[in-house]
Amino acid sequence: MTPSKCLFFLGCAIPSRGISYEISARKILTKLNVELIEMPEFNCCGLPLDSINHQAMLILAAKNLALAEQQGLNILTLCPGCASTLKKVNKTLKTDPQQKDKINQHLKATDLTYNGTIETKHLLQFLKEDIGIENIKTTITHPLTNLKVAEHNGCHILRPKKIITFDDPEDPQTLKTLIEATGAECLDYTDKTQCCGLPSAGISEKIALQLARDKLNHIKNVGAQALITICPSCHTMYDTNQPRVEKTFDETYRIPILHYPQLLGLAMGLTPQELAFGELRINPEKIIQQFTPSTTQKQIS
C-alpha cells in the first residue's frame, strides 16, 4: 500500500471529549501506512462563530488552510463539522477573489497568505478515496463475523451536498460500506439519517434527549449490538448521554457506541486496550468477549 502523508487537524472537541476517537484513529491510520503530521499552530475551524460573526469564521478557517499550505500537505480531520467548514471556506475563497483578498488582508498580521492550493477531507472520505475499500480489506485479520451494528453518519459529514460531494446525504453508503469491510453486518433502521439531537441541547435539553431516545429505540428494535459513529459530538450524545436518556424516559438500552476506527481496529487485530475501549461510557464488554482472547479481556477489565 502506497504511503500517505497529511496534516492531522483535531479541532476543539476531540482533544477534550473524544480522546478514544483520536487514539483509535491514529492506530488504524498507522496500520494503513498513513503518516500523520501534527497541524502546527492551528486554531478552531470557525464553525461555532459562524452564526455570530461570519467574517470571523472565514478568517479562522482561512488561517488553518494557509498554515496547511505552508506545509504543502492536505488536511485530514476526524470532526465532520471541521471538515465541512474548512471545505466550505476553501470553496468560497477559491471562487470569490474579492472575499479572498479581504481575508488575506486580515491574515497579513500573522504573516500568512491563503492561496487555495490544498484540500480538506474527513476520515470517512479519506478512507474511501485515498486508501480504498479493497486496500482496507487486505488489513483485516480478525473479521467481525456475526456482529450486527447500526450506523450513524450525523448531519455535517454529508451536508451541504454541493460542498461535500462524496456521498448522498439522503442515502449514504460510505460508512455502511466501510463497516461491512470489517466483516460486520450493518443494519438498516428507521430515520437513520436523522440528527443525534445535540445541536438542540442549547435550546431545549428535553428535545435533544428525545431525539436521541427515538434513535436509540429504532436501533434497539432492529437488534443492533452497537452503534458506529464518525463524529465526536454525535458520539457524546449517544455514549455519554445515554444513561441520562435512560433515566429521563425510564428506558434501558445499554447499546455500546463505537467510533468507526475502534470497529476497524478490532478487525485489524488491535486490542480493545490499544483502541481505548476503556474510555467508552457504555461498557462494550459483550463485543470484547466475542472478538478478543480472554487474556486481553482481563487487561481491559
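Residues numbered from 1 in each chain as written. Predicted model: local features only at pLDDT ≥ 70, side-chain atom pairs only at ≥ 80, totals over all residues. Heavy atoms only, no water.

Colleague: I'd love a proper account of the layout of surface pockets, names of residues and values included.
Modeller: By rolling a water-sized probe across the atoms, one finds the places where empty space is left. There is about 560 Å³ of room inside the largest pocket. Around the largest pocket, the lining is made up of 26 residues, and of these L47, C79, G81, H156 and S233 lie nearest the centre. If you list the elements that add at least two residues to the lining of the largest pocket, you get α1 (13-17), α4 (80-95) and α11 (232-240). Considering only residue class, the lining of the largest pocket consists of 19 nonpolar, six polar and one charged. In this structure, the second largest pocket is lined by 13 residues; those nearest its centre are Q225, R254, I255, P256 and K286. Ranked by the residues each element gives to the lining of the second largest pocket, the list is headed by helix α14 (residues 285-291), at three residues. (1 Å grid on protein atoms, 1.4 Å probe; cavity = no way out; pocket = protein on both sides within 12 Å on 5 of 7 lines; lining within 4 Å. Points joined across faces, edges and corners; volume = space filled by probe spheres on them. Helix = DSSP H or I, 4+ residues; strand = E, 2+ residues; numbered from the N terminus. Nonpolar A, V, L, I, M, F, W, Y, C, P; charged D, E, K, R; others polar.)

Colleague: Provide a residue-level description of the side chain of Q99, including the pertinent values.
Modeller: Mapped onto the elements, Q99 comes out in helix α5 (residues 97-107). Apart from residues no more than four positions distant in its own chain, Q99 is found in contact with Q55, L58 and L93. (Contact = heavy atoms within 4.5 Å.)

Colleague: Explain the pattern of salt bridges residue by residue, including any values.
Modeller: Under the counting rule described, the total for this entry stands at 15 salt bridges. K148 is the partner of E185 in a salt bridge, and the nearest nitrogen-oxygen pair spans 2.7 Å. Note that E185 is positioned in strand β6 (residues 185-187) and K148 in strand β5 (residues 148-152), a separation of 37 residues in sequence. Exposure remark for K148: the relative accessible area of 35% places this residue in the partly exposed category. (Salt bridge = Lys/Arg side-chain N within 4 Å of Asp/Glu carboxyl O. Buried < 20%, exposed > 50% of the residue type's maximum accessible area, 1.4 Å probe, protein only.)

Colleague: Please provide a residue-by-residue account of unusual backbone geometry, values included.
Modeller: Generally, phi is negative for residues other than glycine and the peptide bonds are trans, each holding for most cases. Cis rather than trans, the peptide bond between R159 and P160 has omega equal to -5°. Of note, N146 is a non-glycine position whose phi angle comes to about 75°, a positive value. Looking at the element boundaries, N146 is found in the loop between α7 (133-137) and β5. Unusually for a residue other than glycine, D191 sits at a positive phi of about 60°. Structurally, D191 is set in the loop between β6 and α10 (205-221).

Colleague: Can you lay out the sheet that holds strand β4 (residues 120-122) for me, pointing to particular residues and giving the numbers?
Modeller: Judged by pairing direction, the sheet is parallel, and its four strands sit side by side in the order β2-β1-β3-β4 without closing on themselves. Edge positions in the sheet fall to β2 (34-38) and β4, since each of these pairs with one other strand and no more. Geometrically, the sheet is characterised by an average inter-axis angle of 40° between neighbouring strands, direction not taken into account. Examined bridge by bridge, strand β1 (residues 4-9) and strand β3 (residues 75-77) share three bridges and lie parallel to one another. Following the sheet pairing, L7 is matched in β3 by I75. (Pairing = 2+ DSSP bridges. Axes fitted to C-alpha atoms, helices over the stretch in contact; angles between N-to-C directions.)

Colleague: Give a description of helix α12 (residues 242-249) that names residues and reports values.
Modeller: Those residues of α12 not exposed but buried are Q242, V245, E246 and F249. Down the axis of α12, the buried side of the element spans an arc of 100°, and every buried residue falls inside it. Immediately beyond the C-terminal end of α12, within one or two residues, lies D250, with a positive phi of roughly 55°. (Arc of directions from axis to C-beta.)

Colleague: I'd like a rundown of empty space enclosed by the protein, residues and numbers included.
Modeller: Evaluation of the coordinates by the stated rule reveals two cavities of 30 Å³ or more. Roughly 50 Å³ of volume is contained in the largest cavity. Together, N153, G154, L158, R159, P169, P172, K192 and T193 line the largest cavity. Here the lining of the largest cavity is composed, by residue class, of three nonpolar, three polar and two charged.

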